Every structure is written in structure tokens, then in C-alpha cells.
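Take a look at the letters that make up each chain.
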4 protein chains.
Amino acid sequence: MQIGLVGLGRMGGNMRERLRNAGHTVVGYDTNPELSDVGHLSDLVERLDRPRAVWVMVPAGDPTQQVIDQLASLLRPGDTVVDGGNSRWTDDEKHAKELGARGIGFVDAGVSGGVWGLQNGYALMVGGDKEHVDRLQPVFDALKPEGPYGFVHAGRVGAGHFAKMVHNGIEYAMMQAYAEGWELLEKVDSVDNVREVFRSWQEGTVIRSWLLDLAVNALDEDEHLDRLRGYAEDSGEGRWTVEAAIDHAVPLPAITASLFARFASRQEDSPQMKMIAALRNQFGGHAVESAKKA
Amino acid sequence: MQIGLVGLGRMGGNMRERLRNAGHTVVGYDTNPELSDVGHLSDLVERLDRPRAVWVMVPAGDPTQQVIDQLASLLRPGDTVVDGGNSRWTDDEKHAKELGARGIGFVDAGVSGGVWGLQNGYALMVGGDKEHVDRLQPVFDALKPEGPYGFVHAGRVGAGHFAKMVHNGIEYAMMQAYAEGWELLEKVDSVDNVREVFRSWQEGTVIRSWLLDLAVNALDEDEHLDRLRGYAEDSGEGRWTVEAAIDHAVPLPAITASLFARFASRQEDSPQMKMIAALRNQFGGHAVESAKKA
Amino acid sequence: MQIGLVGLGRMGGNMRERLRNAGHTVVGYDTNPELSDVGHLSDLVERLDRPRAVWVMVPAGDPTQQVIDQLASLLRPGDTVVDGGNSRWTDDEKHAKELGARGIGFVDAGVSGGVWGLQNGYALMVGGDKEHVDRLQPVFDALKPEGPYGFVHAGRVGAGHFAKMVHNGIEYAMMQAYAEGWELLEKVDSVDNVREVFRSWQEGTVIRSWLLDLAVNALDEDEHLDRLRGYAEDSGEGRWTVEAAIDHAVPLPAITASLFARFASRQEDSPQMKMIAALRNQFGGHAVESAKKA
Amino acid sequence: MQIGLVGLGRMGGNMRERLRNAGHTVVGYDTNPELSDVGHLSDLVERLDRPRAVWVMVPAGDPTQQVIDQLASLLRPGDTVVDGGNSRWTDDEKHAKELGARGIGFVDAGVSGGVWGLQNGYALMVGGDKEHVDRLQPVFDALKPEGPYGFVHAGRVGAGHFAKMVHNGIEYAMMQAYAEGWELLEKVDSVDNVREVFRSWQEGTVIRSWLLDLAVNALDEDEHLDRLRGYAEDSGEGRWTVEAAIDHAVPLPAITASLFARFASRQEDSPQMKMIAALRNQFGGHAVESAKKA
């Protein structure tokens, strides 16, 4: 089928390629003319037969909002927009309402797969009305991995991004699990081959996983990770997961601990631990370490 | 090769079968005569040619200690004992010293695999001197899964059980990760098909794993887990992991949170939350809930 | 000075009394005519000389918004509104803008003191422009405790509620600290007098505090808190504290743990621990507990 | 009464002074001859009338064990030893047995008060048989603060150190509570006077405490704690508290989080966060920060 694709960065570019390999006709637009198939978003819209489907793959927040706003005026009743970016689920209902007021359908799609997606397929979690999801099914089928997994119609508008957000929250805690275990093994004298311990876990254990495979890859490249700093960004979805949990009074101790560990990793010095040091000094006369000279 | 196997419970019994399937000669002893190949532990020792190898597969703590003590007097210099149970790594050095004083070798082996091990093989993490580990290699090869993974000589005595213990700590946090995500998805109105979300994650996602496959199995049997109580035992290795981390000043926030969640799950009522309720009542006149009538 | 006071519940009623005891003229309005000094909010406004000051002491969210909206149309340029309720700090800027557009000043005031405030005074944390805060100073002076403490102009609009919110977050973790220690002491055989241990801490220790005094009061009334259920509500400010921390990438492990402990205390059964039990059963054949029959 | 005092460091020296001020006869021994009243421990024993009482105030672990061993051979039946150091409660029973075999009584005393104890008195939590505790009561009365608080006979041998250990665990989480709140306030633009917010909390709030007073002192000396590094030692009792909780299956999320925050504060770079960075790089091609060049 025909599909418009807005945003041809690393993710969008690979998705265009995977869709074309599957025989679909993709008209891509990007603000970078070297990547774009058309000069303007309006050209993209004109090049598609009605009813049109346009997949938006730009950063969450303002960039996505701007594209949605433009599409609201360029598209016609019966067309459908898919937001495949990392939008917060709370934005989805807003976008669905804005587009729905003009008769335009909306589907939110959480997309997982990273740099491996072009080859192995992207896991897709989508939300929206059945009629809109069904129209896009050939596109979803081309993007998803082969076999019975990797696609779910999770629920109504917002459910796709919500499921993807929770996926990422789980991902945080799984990464933290391996990371904690690795640090402990590295600290202990009796274990002299932590990388091989990790490698051995790849079969026959309860904790075998794709992330474990990646950990072994990383240790093969840099056995003690000496070339890295212990500094980790967070992409937003971990924060939203904790906020959603707070909204629903669900305790998420492991996922939240994983998020906070990332926050702490980015601090040159910890203000809260300065206060701890100050208090210890006040009541116990404990020695404190002075701040480093600039 | 010949091997003695002490302890023929669910794990030991299956290991005997897997070893025999691989062509090894196994003499098994168990206090339950219906399971045992011999009448006494001394019979087991007599039936093996020297230098002997005896694999101990009994519960950690006193039962293992008793078997080690008996073997210390029954075996001869040049023989080797493997402790394949869930012993704490700190016991291993004690056992190695006790046996070593009599010229008997000692290897500790952490074993993962559970009820799936008979068919798929057991992941083995072993610790000890190279000469003792090398002698047992045919046995390890028969027990481990096929292929390049599932076995590691992790380091000196204690390293096998330490690595297995950390494996279990990681396992706790991974399970907690999926569990937190599942609860959050179940709470949210927009997502109407949590089981299918989990199923979809089995391919193409960052969080695909064997544990995720098991979660889908469990949801296929009982979609909302209505038939279970939220009650989880812990087997000891999670506690030891946290204690080892404390010994080495390694922060383990996600693993510890997972352990504490299990502790809390086993309390009918939470004493600490009674104190919270009491304090709220003291300063704010907040309503409190009375304890249930017996 | 003259002041209007909207909302005469437990907090507002006591504050009216404390203000009158200090010689101020208070015109109080409440939707409950038995508590109210006037029949309508407009009567309250009419009874005050210009420039007027009106203190709003109603529940956060919609009720506060409605009163602010009414006051926006009833008051005149030069008048000032104080929001002394538990509003989220993010509402303050909105309210300040709405009122400011009509020349009406706005001050947000976080108020601590609970049922003890009438007698001992209320701790006040206020935010807003200096000119508006200064106008209200006689009222603040009457409400606050005697002595040099208990009042702060924390910063611009929103700072008062933000400071109060953080106060409550700290309160959560302090309560949790005592609660955890109490549970551990109650569990240990060697300690046979936990209440007296708590009492002894009231002097000479690092952890002496007003909350500790309250804990001793509670234990004097019910030594083992047998009459309470381990069930704790949360008032919103703890949640907002964690959300503010997430916004600013500040790790708050102890405060967040305290919030999550309250969430968990309110669950009859824990969904996430059902998943843990289900996974243990899948891989290990571990016994699980069935859900209780209804 | 007469009392021997072994260990005249900062704590022991001040306690000698406080005991003498109360009219007791103190014979002090220290390995540092400038501090010591006698040349050898045996001199101390000889200078006391029977039945003797000797207070041991030396570092926990080996130093305390050595003094206990020496006293076991120097003292006589009917004498009593008090261990006022920071011994782990599990050592107390061992010491009580060793001394009891020779008819010597044993009392364990947890002591709080730090540098403020000389002036204000030391809070004492003691464990042991009533007859031994009663004999020492005049000494306890002299050391403790005036008034009804600051002393408790918490239970049998070990209960004193256990109660003191839990006190320190609570202390960790209370300090962490203030520290987290302080960092959050410092991060927020609208609050421009965090020190004064803290000062205002000293009256009328739920969170007023002695630790809060100390925090204000610290901020008065160094408003933003710029002169300190965010680095905090831990003294052992926090670790033991968590270990005791694990032994008793008591969840301690806030206290444990506080301990782990200290562990993390002492790491130049976080190994576990290197693993997080490595995994992010593997699956997402996320940029990582290289380790700093030495």
C-alpha cells in the first residue's frame, strides 16, 4: 500500500527501507532535503491516493505537535495518521481529538527495535479504533518481525504508547539488574572471570535474554568497561512510567531505583550527600572531604 | 566416567538420569531407599574406583555439612567432592579446607536449570583448583546444555556458588521488573489486553527473554492471575546477594527492592505501616483503619 | 488588620480563632452556614475595607479554583489573595496570572501544624512578590509560632507551596524511618521493651524529634499498635514531591520508598507479587498459594 | 561508685570527665600513656575494690575482643564488664558466655551522644541480666541526660547494642530525608532561600528535630555546602541494621536506600552505570561518555 512517512532520521530512514523491501510505496519527508523524497509536507500529501495514511516519526513533544497540526489542515476526512514516535500517552488523546474533529483517524504506535529493527523487524504496540488499526495492518505486518510475535493492538488511543512506555520501564530495571550483578562480581576476589560468567549464562539459566547477549557483546569489546564512564541518560519513558505509577498508586520500587541510579550517575557531585556529610560532621565531628578545588 | 551422586530429589534424580543418558556410570545415594542405588553412603564410596568423584546434591547448611563430614572420613587422598547444592559461598572455603586437610579435592558448583534441566541441560558455574575442575569436566559436559554456553570455571573455591548467587539476585530483579510492568498495565483503562501485550514483546523488543516467555505461559493459563495469591518466598540466595553487596559496599537498589517486596508479600499486615498510621493519627487526626476483628 | 477567610473546616476554623485571639478582624465564609460569618462570598468581600486581603483555605484543585475564579470577579485592583490550602505549586503561577491580570495580588502559603496549630502556631512558608507578602505580614505573625522560627518568605509565587510540599516529602521518609526501626525491634527476641526504647530516645540521641514524641504517645496508647491496621493514605504532596524530583532529575530514593510503602499498604493483595509467584511456579515448580476464596 | 574505664579516646575521655563530675571514682586506662591513669590494664583492675565494674570503650571487633579476653583472666567472679563500644549485637552473647563461664557479669551498652554528650549526657540503651544492670545503675545515671529519658534496659544481653544499631539505622534514613529535600529545594528556581526555609521549619512543623537544628547550623556555616564533597562514610551499624532486617525478613526500603546512597557517594565512577551505558550503546547506538583520561 501507499504510506507517507514524516521524519527520516535513523529510525524513520530504516523503516522506509524495510517498508520498501516489503513492496510498499513510501513517500518520505524530512526537513533535511538530502533525506527527503519531496520538498514539502504538502507534496507528500499530494503524492498519496486517498484515503491516505501518514506515519509520523519525529521527536516527541513540540516537533510531533507541529507535524500533527500541519497534517490536520492538509489531510481530508477518511485519512489516517500514525504517531510512531516516542510521544507520551497523554498526548495521544489530544491528537486523536484534534484530528478526529476533521474526520481524520489516529493510531498511536510504540516502536521498539533500535538499530536492529531494519534487519529483524520492529516490535509494534498500537492503540486506536479497530477500523483505523485494520487499515494500517499491511504496514504493521511489513515492519514487525516475522512470526507470531512483535505486534499487538493493545487497546484504545494511547494504549500503544503506554505499552511501549512500560516496556521501557521494564527495560530500565532489567538493565539495572544485570548492571548490579556485574558490579558485584567484579568486586569479589574469588571470581576471576566475570565476562565468562556472563557468557555462560546465555544458555540454560533463568536470566538468559537478549539484553544478556548484548552485555556479553559489550564485555567482548571492553572486558572491564574501562573505556566507558558510568554515565547514563534517560529518554523520558522511564520518567513517565514512574509518573503513571504514581497516578495509579502502583508501587514500582525496582523501576524507580533504576531511574534514580541514572539521575545520580549524571551528577559530578551529589548535593544530597553533601548534606549527609555536613550532618555527620555536625553531630559526630566526623571528618569530611572538602570539595575539590576547581 | 564413574561418579557418586548423593541426594536424589527432584534435582539430583534428574541429574542422574541426564548423566546416565550421556553414558556415565552413576552410583546414587539417598536417605529414601526407594530412590537410592545403595544402602549406605559407604556402599557408594566402595562401588567407585579410585580416584573417586562424588557429587553432593542435598540442601544447603546442616545437611550438606553432614555429608561433607562423612565423605571426609570415607574418601581417600586424590578423591574429589563437588558440592552442587545451593550452599552459601562462605561455606565452600570451610569445606575445601576440611577436605583438603585429608588430600581430598573440592569443587563448588552453582547449578541452574530447575525442572527444565533434564531436557535442556543445566547451567553450571564452578569454582576450585584447575586440577580438580579438569577431572570433573566430562561430568560437567554431560550436565550442561549443548553448545558453547552454560559452563564456566568462574574462579577459585567459592566462585561457583558466588556466581550462581548473583545469578539469582539478577533473577529477582528481572522478575520484579516484569511484575511491576504487568501490574501497571493491568491498572490502566486504555490497555485492554495485557496478556497480548506481553506476548507481542517476545520478538523484536529489548526485553525479550526466557522469563518473559514464562510470563506469557503463566498468563495463558490464568489471564489475570486470579487463581494466585501475591505471596512469594525467597530461597536464601537473594538475601546472600544483598549481604555480599553490603560487605563490598556495592549499592544494589533494584535487587534489594525485589527482595523486600517478597518480604512484604508474606506479611498479613505490615507492622511498619501500623506505625505510619499511628503517626498520621497523632499529628493530623487522620482517620485510621482498625485492625480486623479475629 | 482585617482579613477575609474562605473555608472554615478544621484548619480554617482554628486559624480564625487564632487570628481573632491576636486581635485581628476576621470575616469568615464557609458553604456550611453554621460555620459561616456571612451568607455569601460577596458579603465577605463587601464587609472588608479596601485594599482587601482574603485568605483561601479550601481543598486543593477544583474547590480552590472555583473560589479563585469568584474572587477574581469580586475583588478590585490592589486587593490580595492568599492561597493557604494544599495546592500544587504548579497551580500557583496560574492563579497569580489570573488575578494579576485584574491587578489583584497573589501569595501562596504552605501551612503546617495540623491539630496542634491553634495552640502552638502554624509554620508558614510563603511565596510571592515582596509587596504582597509584606501587606500580609501581620496575619502571618499572628498565625506563626512565637519566636524566630516558623515563617519564611521562600521565594516567588509557588515557592511557598513548593517548600511545604518538600516538607511533607521529608515527613514521609522520617515517618518511614521510625516505622522501619520499630518493626525491626518488635521482631527481635532479645529486645523485650520496644516502647521504652523509643521513650529513651527522646533525649540525648541523634534521632530525637517531635515525630518521635508522637510515636511514644501512640505506643503509650496502644503498646504494640494492635488496634490499628497497617494501612496508610497519602495526601498528594508526597506524590508531587516525587514528580518534582523526576522533573529535575533529582534522585529521591528514601522519600519515594516511603510513598510506595503507602501504596502497597492499601492493596488487599499485590498484583505484582502474583506475577512473581507465577514465574517462580513456571521455572521452578515452586509451590504457590492460591487466592483466598471469596 | 568506683569504675574502671578502658579506652580514653574522644568518647571515653569525655565520659571519664562526666563520671568524675558526678562524683564517681574513675580509673582510666588507654594504650596512649598521655591519656591513661595507669600503666597497664592489670593496674586498673588492682586499683578497684571488689566486686569491680569495668567499662570497655574501644573500637568494635578485634580491639574489643582483646580487652574482653584480658579482662576474663584479670577479673574475678562477681565482677562486671560493660561493653559501651559499637560492638555488633551478635558479639555480645559470645562475650557474655566467655565472661559468664568465669562468673563475671556482662552488660552491653549502646551509647549515643557524640561530641555533645559530655555536656548534655549520653543516651544509653543497655542489655543484660537485671542484677548486672542494677549494679551499674549509678554509672548509667551519671552518664545519661537529666530527666526521664535517655536510659533504657532494653532486654537481655545484646539488646542494648541492637537498640543502638536500630537507632543508627533510623538516623541514616532521617538524614537522607533532609538531604533529599534539601537537594530538591536547591534545584528549583522559584525557591531562592533554602537555608531560611530550613530555619523556618525549626518550629511548628511536623519535621522539627535535633537533626534539623544541625542542618541549619551547617547551612549557616556554608549556605550551599560548597566547601564539602558529597562523600559519606558509614560506620557499620547501618550495614548491620540491614543485615538484621534480612535475617528477620523485615523490609527496610528507606534505611537501605540511605545506606546505598552512601556507598554510591564513595565511588569515583559507578561500575554498574558503565554497564548501563554499555547496554544502551549496544541496542540503541546511544552516545556514551568515554572514561576520563588519567
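Since the structure is predicted, the reported quantities are computational estimates derived from the model, not experimental observations. (Residues numbered from 1 in each chain as written. Chains lettered and ligands numbered in written order. Predicted model: local features only at pLDDT ≥ 70, side-chain atom pairs only at ≥ 80, totals over all residues. Heavy atoms only, no water.)

Before going further, it helps to spend a moment on the overall build of chain A. The helix and strand inventory of chain A stands at 12 helices and 7 strands. Taken along its principal axes, the extent of the C-alpha atoms in chain A is 75 × 45 × 40 Å. For chain A, buried positions account for 64% of its 294 residues. For chain A, the proportion of contacts with a sequence separation of at least 24, taken over those separated by at least 6, is 65%. Approximately 10,600 Å² of chain A is accessible, and the part contributed by carbon and sulfur atoms is 45%. The average position of the 30 basic charges and that of the 43 acidic charges among the side chains of chain A differ by 3 Å. (Helix = DSSP H or I, 4+ residues; strand = E, 2+ residues; numbered from the N terminus. Buried < 20%, exposed > 50% of the residue type's maximum accessible area, 1.4 Å probe, protein only. Contact = heavy atoms within 4.5 Å. Areas by Shrake-Rupley, 256 points an atom, 1.4 Å probe, with all protein chains shown as cover. Lys, Arg positive; Asp, Glu negative; His and termini not counted. Charge placed at Lys NZ, Arg CZ, Asp CG, Glu CD.)

Residue and element names in this part refer to chain C. Within the structure shown, the criterion is met by 24 aromatic pairs over all chains. Seen in terms of ring centroids, Phe 198 and Trp 201 are 5.0 Å apart; in terms of plane orientation they differ by 40 degrees. Their pairing is tilted. This pair shows no difference in class: Phe 198 is buried, exactly as Trp 201 is. (Phe/Tyr/Trp six-rings, centres within 6.5 Å; stacked < 30°, edge-to-face > 60°.)

Before going further, it helps to spend a moment on the sheet that holds strand E5 (residues 105–112) of chain A. All names here are of chain A. Judged by pairing direction, the sheet is mixed, and its 7 strands sit side by side in the order E2-E1-E3-E4-E5-E6-E7 without closing on themselves. Two strands in the sheet have a free side with no partner beyond their single neighbour: strand E2 (25–29) and strand E7 (151–155). The sheet shows a mean angle of 25 degrees between the axes of neighbouring strands, taken without regard to direction. Each of strand E1 (2–6), E2, strand E3 (53–56) and E5 touches helix H1 (residues 10–21); the most contacted strand, E1, lies at about 165 degrees to it. (Pairing = 2+ DSSP bridges. Axes fitted to C-alpha atoms, helices over the stretch in contact; angles between N-to-C directions.)

With that settled, the discussion passes to the relation of the copies chain A and chain B. The transform that puts chain A on chain B rotates by 180 degrees and translates by 0.0 Å along the axis, for an RMSD of 0.1 Å. The operation mapping one copy onto its partner corresponds to a two-fold rotation axis. In this assembly, 100% of the residues forming the interface of chain A have copies in chain B that are likewise at the interface, indicating an isologous arrangement. (Least-squares fit on C-alpha atoms with pLDDT ≥ 70 in both.)

For the rest of this paragraph, the subject is the domain arrangement of chain A. Frequently, the measure chosen for interface size is the accessible area that the parts lose on association. Residue and element names in this part refer to chain A. Entries for chain A in the domain assignment read domain 1 (2–157) and domain 2 (165–269). Taken over C-alpha atoms, the centre of domain 1 sits 31 Å from the centre of domain 2. With 6 residues of domain 1 in contact, the opposing surface of domain 2 contributes 8 residues. Taken together, the two surfaces of domain 1 and domain 2 that pack against each other cover about 680 Å², and 64% of this comes from carbon and sulfur. Area buried by domain 1 at its contact with domain 2 is led by Arg 88, Trp 89 and Trp 116, which between them contribute 66% of it. There are 1 salt bridge connecting domain 1 and domain 2. Two residues, Glu 243 and Arg 88, come together in a salt bridge whose shortest N-O distance is 2.7 Å. Its residues placed into classes, the side of domain 1 that touches domain 2 shows 2 nonpolar, 3 polar and 1 charged. (Domains from an automatic or database assignment. Buried area = accessible area lost by both parts, 1.4 Å probe. Salt bridge = Lys/Arg side-chain N within 4 Å of Asp/Glu carboxyl O. Nonpolar A, V, L, I, M, F, W, Y, C, P; charged D, E, K, R; others polar.)

The subject of this paragraph is the side chain of His95(C). All names here are of chain C. With respect to the helices and strands, His 95 occurs in helix H4 (residues 89–100). Given a relative accessible area of 1%, His 95 falls into the buried group. There is a polar contact of 2.8 Å between the side chain of His 95 and the side chain of Gln 65. The residues touching His 95, leaving out its near neighbours within four places in the chain, are Thr 64, Gln 65, Ile 68, Asp 83 and Phe 106. (Polar contact = N/O pair within 3.5 Å; in protein donor to acceptor, adjacent residues only side chain to side chain.)

Another point: the interface of chain A and chain B. Tallying the contact residues gives 66 residues for chain A and 66 residues for chain B. Roughly 5,700 Å² is buried in total at the junction of chain A and chain B, and carbon and sulfur atoms are behind 72% of that figure. One can count 0 salt bridges joining chain A with chain B. When residues of the side of chain A that touches chain B are traced back to their parent elements, those giving at least two are strand E6 (123–127), E7, helix H7 (159–187), helix H8 (194–200), helix H9 (210–221), helix H10 (237–247) and helix H11 (253–265) of chain A. Residue contributions to the side of chain A that touches chain B peak at 18 residues, all from H7(A).

Moving on, we come to the relation of the copies chain C and chain B. With an RMSD of 0.0 Å, the operation that places chain C on chain B is a rotation of 180 degrees combined with a shift of 0.0 Å along the axis. Mapped onto chain B, 100% of the interface residues of chain C are again interface residues, and the two copies thus contact each other with one and the same surface.

Before going further, it helps to examine H9(A). Residues and elements named next belong to chain A. Its 12 residues place the ends of H9 17 Å apart at the C-alpha level, agreeing with the 16 Å of an ideal helix rising 1.5 Å per residue. Where H9 is concerned, the buried positions are Trp 210, Leu 211, Leu 212, Leu 214, Ala 215, Val 216, Ala 218 and Leu 219. Sitting at the amino-terminal end of H9 is Ser 209, which places a side-chain oxygen 3.3 Å from the backbone nitrogen of Leu 211. (Expected span 1.5 Å × (residues − 1).)

With that out of the way, let us pick up the interface of chain C and chain B. Across the boundary between the two partners, chain C contributes 56 residues, which contact 56 residues of chain B. Roughly 5,300 Å² is buried in total at the junction of chain C and chain B, and carbon and sulfur atoms are behind 62% of that figure. The largest share of the area that chain C buries against chain B comes from Arg229(C), Gln282(C) and Phe283(C), three residues that together contribute 14% of it. Viewed at the interface, chain B and chain C are joined by 0 salt bridges. Taken together, chain C and chain B are joined by 16 residue pairs in polar contact (both at pLDDT 80 or more). For the side of chain C that touches chain B, the secondary structure elements donating two or more residues are helix H7 (159–187), helix H9 (210–221), helix H11 (253–265) and helix H12 (271–284) of chain C. Partitioning the side of chain C that touches chain B into residue classes produces 27 nonpolar, 12 polar and 17 charged.

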